[in-house]
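In case you want the letters, here they are:
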Amino acid sequence: MKHTEGQLNSKQMLTALSELSKARLSALVVATTSAGFLAAGGPISCTTLTFTCLGTALCASSAATFNQLFEISRDSKMKRTRNRPLPQKIVTPQFATSLGIMTGCSGTALLLQSSADPTVAMLGAGNIALYAGLYTFLKPRSEINTWVGAVVGAIPPVMGWTAAGGSPFDIESILLGSTLFLWQFPHFFALNWMHRVDYSRGGFKMISCNDPNGDRTANVIMKYAIYLSAIPFVSSALDVTSSMFAVEGILLNGYALVVAKKFYDERSNGNARKVFLTSLWYLPSLLMLFILHSKTWDKDNDKVEDGHLRTALLDTIISVKNFGRERCLHEVIIHHDNEEITLDDGNILTIIRAKESTREKCPLVIGKETVQQVAADSVIAIKGVEDENETNVFSPPNSRS
C-alpha cells in the first residue's frame, strides 16, 4: 500500500524510521561501541560516552538506510524483507535519501565533537561508505561480501576505545575488533543457512546459496568458532586481561563449540537456529568478561573527568569479582583462615593464610608480581611460626595468585 510521509501517524512514522534504521542492529552497534569505551578503563567522560554512542547510532542508521535504498528491488523479492518501508512504498526513496544524509552528517559531526581524535569520526563515516557502498555492492556479486560486512561490524568497538583516549592500533583495540570480526561468522552463517532459499530468491551471493549439503557453511561456522575461542587465551597471554578471563572463557566457548559441532554433524535448520541463538547471548557475555577482567581498571587514573562515574563502575567490577570469588571452587578448597589443629601425637599443625597487602585473588590468577608477593608472605609466615613453636610445624601458605 502506497503512502506519503505526510499521511503517516506518529506511530507509523516511528515504526518506519525504526525499520529504515534497523534499530535492533544499530542497538547492537552502540552496545559494542560502549564496550570498547568502557574497556579503556578511564578517564571516563559522560559527555564523550554519550556523544560517541549517539554519533555511532546515527551513522549506523545512515548506513542501514542507504543499504535498503539500494536494495529495494531485491528486498521486495524476499519474505523476510519485503514488508520493509521502501518495498511497501510506505516512504519514498527521496525521504529515505534525506534521512540517510541527515543521520550520516549529524552522526559524523557528533563523533567529531565527542573526541579530540578525528579518527573516531573518520571511522564512523568510513563505516557508512563500507557498509552502504562496498558491502551492498558485493552482496549480489561475490561471496566475499560477508567478510567485508564482518569488517564493518568489527569497527564500532575500535571507535569506542579510540573515543576513550586510546589508539586504534592498541592491542586492546585490536582484540576487541577481532572478537567482533570472528563472532559474526557463526552468527551470520547460521542465519544465512536458515534463510538460504530467501537469499537465493533475492539474488544474493551467499555461501549457503551455493552449498546444498551445508558442508561449506558448517566448516566456516566451526572454523571461526574455534578461532573465537582463542581470544580469551590470547588476551590473557598478552597481559591485557587477567588469566581468569581465559579460565571462564573455557566454559563459555566450550558450550559455543558444542553447539557449532552439532550443526557441523547435522546441518539442520534447528541446529543452525541453536548456533544463532547462542551467538546472541554469547557476545555480550564475552564482552562483559573482557571488561571485568581488563587490567586497565587496575591502573590509577588521577585525572578523571567524571570521577564519580568511574568510581561507581570500578566498585561494581570489584563487587562482581568478589561475588565470583566467594563462589569459586578454588577459593572454597584452598582458602582457609588461620587455624591450629592438634594432632594425635600432640604436635600442632598450623595453617597459615597468606594475604596480599592490597587485594585478594583466586589462585588461578597467576602473575609475576603476585607470585613474588605470595612468596615473600610465605617466608614471613613460616618464620613467624618457627619462632613461636619449636615443635614440628607444617605451615603451607595459601597463595592467592
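Before going into details, it helps to say that this report is about the structure given with it. Since this is a predicted model, take the numbers as computed values, not measurements. (Residues numbered from 1 in each chain as written. Predicted model: local features only at pLDDT ≥ 70, side-chain atom pairs only at ≥ 80, totals over all residues. Heavy atoms only, no water.)

Quick notes on unusual backbone geometry
No. 1: Positive phi values are uncommon outside glycine, yet lysine 89 reaches one of about 60°.
No. 2: Along the chain, lysine 89 falls in the loop between α4 (72-75) and α5 (93-114).
No. 3: Backbone geometry at aspartate 239 places phi at a positive 65°, although glycine is not the residue there.
No. 4: Locating aspartate 239 in the fold gives a position in the loop between α11 (231-237) and α12 (243-265).
No. 5: A relative accessible area of 48% means that aspartate 239 is categorised as partly exposed. (Helix = DSSP H or I, 4+ residues; strand = E, 2+ residues; numbered from the N terminus. Buried < 20%, exposed > 50% of the residue type's maximum accessible area, 1.4 Å probe, protein only.)

Some details on the pattern of salt bridges
No. 1: Considering all chains together, one arrives at seven salt bridges under this definition.
No. 2: Among the ionic pairs, aspartate 215 bridges to arginine 267, the shortest N-O distance being 2.4 Å. Separated by 52 residues along the polypeptide, aspartate 215 in helix α10 (residues 215-229) and arginine 267 in the loop between α12 and α13 (269-293) bring together distant segments of the chain.
No. 3: Overall, aspartate 215 belongs to the partly exposed group, its relative accessible area being 36%. (Salt bridge = Lys/Arg side-chain N within 4 Å of Asp/Glu carboxyl O.)

Section: the nonpolar core
No. 1: If you look at the biggest cluster of nonpolar residues, it comprises 70 residues, and the most contacted ones within it are Tyr199, Ile221, Leu228, Phe263, Tyr282 and Phe290.
No. 2: Listing elements by their share of this core, those giving two or more residues are α2 (23-39), α3 (46-70), α6 (119-138), α7 (145-163), α8 (171-194), α10, α12 and α13.
No. 3: Take this core: its biggest share by element is twelve residues, from α8.
No. 4: Look past the residues within four positions of phenylalanine 290 in its chain and what remains in contact with it is Ala39, Glu172, Leu175, Leu176, Ser235, Val240, Thr241 and Phe245. (Core = buried A, V, L, I, M, F, W, Y, C linked by side-chain atoms within 4.5 Å. Contact = heavy atoms within 4.5 Å.)

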